[in-house]
Amino acid sequence: MDFNMKKLASDAGIFFTRAVQFTEEKFGQAEKTELDAHFENLLTRADSTKNWTEKILRQTEVLLQPNPSARVEEFLYEKLDRKVPSRVTNGELLAQYMAEAASELGPTTPYGKTLIKVAEAEKRLGAAERDFIHTASINFLTPLRNFLEGDWKTISKERRLLQNRRLDLDACKARLKKAKAAEAKATTVPDFQETRPRNYILSASASALWNDEVDKAEQELRVAQTEFDRQAEVTRLLLEGISSTHVNHLRCLHEFVESQTTYYAQCYRHMLDLQKQLGRFPGTFVGTAEPASPPLSSTSPTTAAATMPVGPSAAGLAPPGEAALHLEEVTPPASGTRKARVLYDYEAADSSELALLADELITVYSLPGMDPDWLIGERGNKKGKVPVTYLELLS
């Protein structure tokens, strides 16, 4: 019990000394040991890394889960070390509603058939979104969160300890400075007004006491300087480790981009397949809206370059007998021709196809027995097969 009381009193004394030193520094009444410029740069870079990592982490969580209530629920599950329950994505929920609507409104009607097809596509989109969220959480969010909850807490702890060591060092410097000033005053300004021998003895005794106080303060200063230097080196090594953190976060960022590219490529493929399926339904118009940008290549989902899909060859999609079609013998029907605007550039694969340029207008029509993914296109005196997915039918 006595030991604990002594330790408590000692800790209280140290805390009081640090508080006094900190307050005097704030009011400009005490000197402060400054860190070197390289160390200050390391501190600044570490603080910037922490701040931007927090912002990127929070915004990525918003991107993956826009619902704030769901994010709070997932946060509570993680803090309680419980497994986050599986959640239905918005695409999967929409697919469920469309399927139920088709069942009730009539699955054999054109509207019901279309609802079923779109529901299947939305379900695949929802599954792709679920995979993307899972992959991004593991490969990107988890490393960022580990840095903030692990490495950064260690760095913060050592920085606080370094701050305490610096306050102790500056307090020792101030104590030594005061002791030396008192010793000099006791040595150089004796009391000559009193002539009694007793006063001279007291003056000499005071000088000796201040000399002992100076020796004690110098010893405490050496110990404080050693502890400060040791703690500064430990903190410096941790701060220099931020460079390794940047390398790790760079690798995680590449993995996040790869997973996001794969996700959007899968979405494009699913929607392209849906577009082709809807184009086979009577009375359904395909490509009535121009996309904001050219789609990703479906043959390379992990590449970030946006490329146009290569249209299927006429020989591969044409039914038997159509490959031998002579275009010079083809005449447009009396009715059924339509104007179409070309969405993307298209390079003809052979002489039976018509090369296309984006935004040009052509005349298109279909022939009996043709593959529904292809039409006959005419531009001036040129004609040939054109893929439906590259067109916006106007009239």
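What counts and how
- Residues numbered from 1 in each chain as written.
- Predicted model: local features only at pLDDT ≥ 70, side-chain atom pairs only at ≥ 80, totals over all residues.
- Heavy atoms only, no water.
- Helix = DSSP H or I, 4+ residues; strand = E, 2+ residues; numbered from the N terminus.
- Buried < 20%, exposed > 50% of the residue type's maximum accessible area, 1.4 Å probe, protein only.
- Contact = heavy atoms within 4.5 Å.
- Areas by Shrake-Rupley, 256 points an atom, 1.4 Å probe, with all protein chains shown as cover.
- Pairing = 2+ DSSP bridges.
- Patch = residues over 30% accessible without salt bridge, like charges linked within 9 Å, V, L, I, M, F, W, Y side chains within 5 Å.
- Salt bridge = Lys/Arg side-chain N within 4 Å of Asp/Glu carboxyl O.
- Phe/Tyr/Trp six-rings, centres within 6.5 Å; stacked < 30°, edge-to-face > 60°.
- pLDDT = per-residue confidence, 0-100.
- Axes fitted to C-alpha atoms, helices over the stretch in contact; angles between N-to-C directions.
- Core = buried A, V, L, I, M, F, W, Y, C linked by side-chain atoms within 4.5 Å.

Engineer: Account for the overall build of the chain, with residues named and values stated.
Structural biologist: Counting its secondary structure elements, the chain contains 8 helices and 5 strands. Helices (α) and strands (β) of the chain occur, in sequence order from the N terminus, as α-α-α-α-α-α-α-α-β-β-β-β-β. The 395 residues of the chain split such that 33% are buried. Across the chain, the fraction of contacts at a sequence separation of at least 24, relative to all contacts at a separation of at least 6, is 71%. Carbon and sulfur atoms make up 58% of the accessible area of the chain, which totals about 24,600 Å².

Engineer: Can you explain the pairing of strand β1 (residues 338-342)? Please cite residues and give values.
Structural biologist: Relative to strand β2 (residues 361-365), β1 is paired through 4 bridges, and the arrangement is antiparallel. Its bridge partner lying in β2, Arg341 is registered against Leu361. As judged from the 3 bridges shared by β1 and strand β5 (residues 391-393), these two strands associate in the antiparallel manner. When the sheet's bridge partners are listed, Arg341 is paired in β5 with Glu392.

Engineer: Go over a nonpolar patch on the surface, please, and point to the residues and values.
Structural biologist: Taken together, the side chains of Val88, Leu93 and Tyr97 make up a nonpolar region of the molecular surface, amounting to roughly 280 Å² of accessible area. Along the chain, Leu93 turns up in helix α4 (residues 90-105). Residue Leu93 is classed as partly exposed on the basis of its relative accessible area, which comes to 33%.

Engineer: Account for unusual backbone geometry, naming residues and giving values.
Structural biologist: Phi is positive for Asp359, close to 75°, though the residue is something other than glycine. Checked against the element boundaries, Asp359 lands in the loop between β1 and β2.

Engineer: Can you break down the pattern of salt bridges residue by residue, with the values?
Structural biologist: A complete count under the given rule lists 14 salt bridges for this structure. The salt bridge partner of Glu54 is Lys50, with a shortest N-O separation of 3.3 Å. In this pair, Glu54 and Lys50 both sit in helix α2 (residues 37-64), 4 residues apart, roughly one turn of the helix. According to the relative accessible area criterion, Glu54 is partly exposed, its value standing at 24%.

Engineer: Help me get a handle on the packing of aromatic side chains, residues and values and all.
Structural biologist: The final tally for this structure, using the stated rule, is 7 aromatic pairs. Each ring, one from Phe132 and one from Tyr263, has its centre 4.9 Å from the other, and the planes form 10°; the classification is stacked. You can see Phe132 sitting in helix α5 (residues 110-188) and its partner Tyr263 sitting in helix α7 (residues 242-279), a full 131 residues away along the chain. Residues Phe132 and Tyr263 agree in their burial class; the two are buried. Between Tyr344 and Tyr390, the ring centres sit 5.8 Å apart and the planes meet at 85°, which makes this aromatic pair edge-to-face.

Engineer: So what's going on with the confidence of the model for the chain? Residues and values would help.
Structural biologist: On average, residues of the chain score 79 in pLDDT, and 73% of them reach the 70 mark or higher. At the low end of the mean pLDDT range in the chain sits helix α8 (residues 314-317), at 38; at the high end sits α2, at 95.

Engineer: Would you mind going over the sheet that holds β1 in detail, with residue names and values included?
Structural biologist: A sheet is described by the order of its strands in space; here 5 strands give the open sequence β4-β3-β2-β1-β5, paired in antiparallel fashion. Every interior strand has two partners, whereas the edge strands, β4 (382-387) and β5, have only one. Neighbour-to-neighbour, the strand axes of this sheet turn through a mean angle of 40°, independent of strand direction. Of the strand pairs in this sheet, β2 and strand β3 (residues 374-379) are connected by 3 bridges, and their pairing is antiparallel. Paired with Val364 across the strands is Gly377, a residue of β3.

Engineer: Tell me about the nonpolar core, and please be specific about residues and values.
Structural biologist: Within the largest apolar cluster, 34 residues are counted, with the highest numbers of intra-cluster contacts made by Phe132, Phe140 and Leu239. Of all elements in the fold, only α2, α5, α6 (197-240) and α7 reach the threshold of two or more residues within this core. A total of 16 residues in this core trace back to one element, the largest contributor, which is α5. Not counting the four nearest positions on each side in its chain, Leu239 is found in contact with Phe39, Leu42, Leu43, Arg45, Ala46 and Ile155. Grouped together as the second largest cluster of nonpolar side chains are 20 residues, Met370, Trp374, Tyr390 and Leu391 included.

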